[in-house]
Amino acid sequence: MIYLALDFPNWKEAQSFLETNQLKGVPVKVGMELFYKEGPTVIEALKKDEHPIFLDLKLHDIPTTVKKAMRNVASLGVEMVNVHAFGGSDMIQAAKEGLIKGAAGSIEPKLLAVTLLTSMDETVIRDELKVESSLESTVIHLASLAKNNGADGVVCSAHEANEIKQACGKQFLTVTPGIRLSDSAHNDQKRIATPQLAGNQGADRIVIGRSVTQAPNPYKAYQKAIEEWNHVIQQ
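It should be emphasised that the depicted structure is a prediction, and the values quoted were computed from it without experimental measurement.

Chemist: Just checking my understanding: could you explain the environment of Leu145 for this structure?
Modeler: Examined against the element boundaries, Leu145 turns out to sit in helix H7 (residues 135-148). Overall, the relative accessible area of 22% leaves Leu145 in the partly exposed class. For the pair Leu145 and Cys168, spaced 23 residues apart in the sequence, the C-alpha separation amounts to 9.7 Å.

Chemist: Whenever I open this one, the environment of Ile107 confuses me. Can you help?
Modeler: If you trace the backbone, Ile107 turns up in the loop between helix H5 (89-103) and strand E5 (110-114). For the pair Ile107 and Lys224, spaced 117 residues apart in sequence, the C-alpha separation works out to 31 Å.

Chemist: What's the story with the sheet that holds strand E4 (residues 80-84) in this structure? I'm lost.
Modeler: One closed barrel holds the eight strands; their spatial order is E1-E2-E3-E4-E5-E6-E7-E8, and the pairing between them is parallel. Pairwise comparison of adjacent strand axes, ignoring direction, gives a mean angle of 30° for this sheet. Sheet analysis places E4 next to E5, joined by five bridges and oriented parallel. If you follow Val83 over to E5, its bridge partner there is Ala113. Seen against the sheet, helix H4 (residues 63-74) touches strand E3 (53-59), E4 and E5 and runs at an angle of roughly 165° to E4.

Chemist: Can you walk me through the pattern of salt bridges in this structure?
Modeler: Across all of its chains, the model carries nine salt bridges by this definition. Glu97 is the partner of Lys67 in a salt bridge, and the nearest nitrogen-oxygen pair spans 3.4 Å. Of this pair, Lys67 sits in helix H4 while Glu97 sits in helix H5; the two residues are 30 residues apart in sequence, bridging distant segments of the chain. Residue class for Lys67 comes out partly exposed when judged on its relative accessible area of 23%.

Chemist: Which parts of the structure should I look at to understand unusual backbone geometry?
Modeler: As a rule of thumb, non-glycine residues mostly have phi less than zero, and peptide bonds are mostly trans rather than cis. Unlike most non-glycine residues, Glu50 shows phi in positive territory, near 65°. The phi angle at Lys130 is positive, at roughly 60°, despite the residue not being glycine. Inspection of the secondary structure assignment puts Lys130 in the loop between helix H6 (122-128) and H7. On the basis of relative accessible area, Lys130 is assigned to the exposed category, the value being 62%.

Rules behind the numbers
- Residues numbered from 1 in each chain as written.
- Predicted model: local features only at pLDDT ≥ 70, side-chain atom pairs only at ≥ 80, totals over all residues.
- Heavy atoms only, no water.
- Helix = DSSP H or I, 4+ residues; strand = E, 2+ residues; numbered from the N terminus.
- Buried < 20%, exposed > 50% of the residue type's maximum accessible area, 1.4 Å probe, protein only.
- Pairing = 2+ DSSP bridges.
- Axes fitted to C-alpha atoms, helices over the stretch in contact; angles between N-to-C directions.
- Contact = heavy atoms within 4.5 Å.
- Salt bridge = Lys/Arg side-chain N within 4 Å of Asp/Glu carboxyl O.

Quick look at the structure:
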């Protein structure tokens, strides 16, 4: 499944983009920029047009606060939501508990944990975060931590998806952002991949943004992403 990142400053622009480019109903990712501007109303509007939604808020706070936040998020009816794995085991457990209680018998959102942002590389984690382990081993450790504390999957680079599957099992979801079409700019992402590479690496779901939203023909670009993704899935 391909989630289109709605990285727009407000709902008016996001709605116009979706309607103009015949993308109503496609799976979407709502991040902090749009959600903090519009709040739950943007989720309600997207659900009316039957968009599957990944709510990308990357919560990272004390366990009690995250638990209460997730109780509210669960009532929105989104498909996936995430936290930072660096929040630790207690916070991840609290997030899961909040989703279970907030769902109250209805469909519970999948809980994802962000391992390392795709804007980070080995230099950043070594020199700035002072993490002594390699990038790959850090990602695998955080993925295992997430799984052992109730997460349904992780947000990771496509380059790490296969190793995470080996460590955490095939049923553990790998959702990969930083997806670019082959002719697109990298922008601020460092660990990027094409839809085809992500699929070959074992990613379950991918998130694509600027390669589509800033393309001369967004509809055509989105269809190209689907074509590349489906080519791998059907193999």
